[in-house]
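# Structural overview
These are the residues of each chain, in order.
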Amino acid sequence: MNRFERQPQAAVEAEVEYRDGDFRIRRPGAFVRCAVTGEPIPLEELRYWNVDLQEAYSSPEAKLVRIGVSFPKKP
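In this report, the structure presented in the accompanying data block is examined. Note on numbering: residues in each chain are counted from 1, in written sequence order. Reporting of local features is limited, given that this is a predicted model, to residues whose pLDDT is at least 70; pairs of side-chain atoms are given and counted only at 80 or more, and all residues count toward the totals for whole chains, interfaces and linings. In computing side-chain values, all of the structure's heavy atoms are included and hydrogens and water are not.

## A few points about the side chain of S59
Note on placement: S59 falls in the loop between β6 (55-57) and α1 (60-66). The term polar contact refers here to a pair of N or O atoms within 3.5 Å; inside protein, the definition further demands a hydrogen-donor-capable atom paired with an acceptor-capable atom, and it admits residues adjacent in sequence only when both atoms are side-chain atoms. Side-chain polar atoms of S59 contact the backbone nitrogen of A62, separated by 3.1 Å. Labels follow the DSSP assignment, with helices taken as runs of H or I lasting at least four residues and strands as runs of E lasting at least two, numbered in each case from the N terminus.

As structure tokens, then:
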């Protein structure tokens, strides 16, 4: 390995402050966790969060589940 090759970065969870329309990274990292499913969400794919609860969500469905909306099961 020479000095120009990148060493793999350990996947570290970021600490994020969620704001209206954007978010601020408080502690650098590669991902945040979905408050509903617990799955990691890469920061570049983070699209859904709740400012009041300061939580991230992996999908619109996960956010709706968090606020109490249920979905019919698919056949």
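## Section: unusual backbone geometry
Trans is the common state for peptide bonds, and a negative phi is the common state for residues other than glycine. A positive phi angle is found at Q54, which is not glycine, with a value near 55°. With respect to the element layout, Q54 can be found in the loop between β5 (48-50) and β6.

## Digging into the packing of aromatic side chains
Classification of ring pairs rests on two measures: the distance between centres of Phe, Tyr or Trp rings, Trp counted by its six-membered ring, which must be within 6.5 Å, and the angle between planes, read as stacked under 30 degrees, edge-to-face over 60 and tilted in between. Scanning all chains against the criterion turns up two aromatic pairs. Aromatic side chains F23 and W49 sit 5.4 Å apart centroid to centroid with 85° between the ring planes, which places their arrangement in the edge-to-face category. In this pair, F23 sits in strand β2 (residues 23-27) while W49 sits in strand β5, placing the two residues 26 residues apart along the sequence. Per-residue accessibility, obtained with a 1.4 Å probe over protein chains only, is compared with the maximum for each type, and a residue is labelled buried under 20%, exposed over 50%, and partly exposed between these values. Exposure remark for F23: the relative accessible area of 25% places this residue in the partly exposed category. Take W49: its relative accessible area is 14%, and that puts it in the buried class. Taken together, the ring pairs in this structure connect Y18, F23 and W49 into an aromatic cluster.

## A few points about the environment of Y57
Tracing the backbone shows Y57 in strand β6. For the pair formed by Y57 and P40, sequence separation is 17 residues and the distance between their alpha carbons is 9.5 Å. Any two residues having at least one pair of non-hydrogen atoms within 4.5 Å are treated as being in contact. Non-local contacts of Y57, meaning those with residues more than four positions away in its chain, are made with C34, A35, V36, I41, Y48, W49, N50, A62, K63 and R66. At a separation of 2.6 Å, a polar atom in the side chain of Y57 contacts the side chain of E55.

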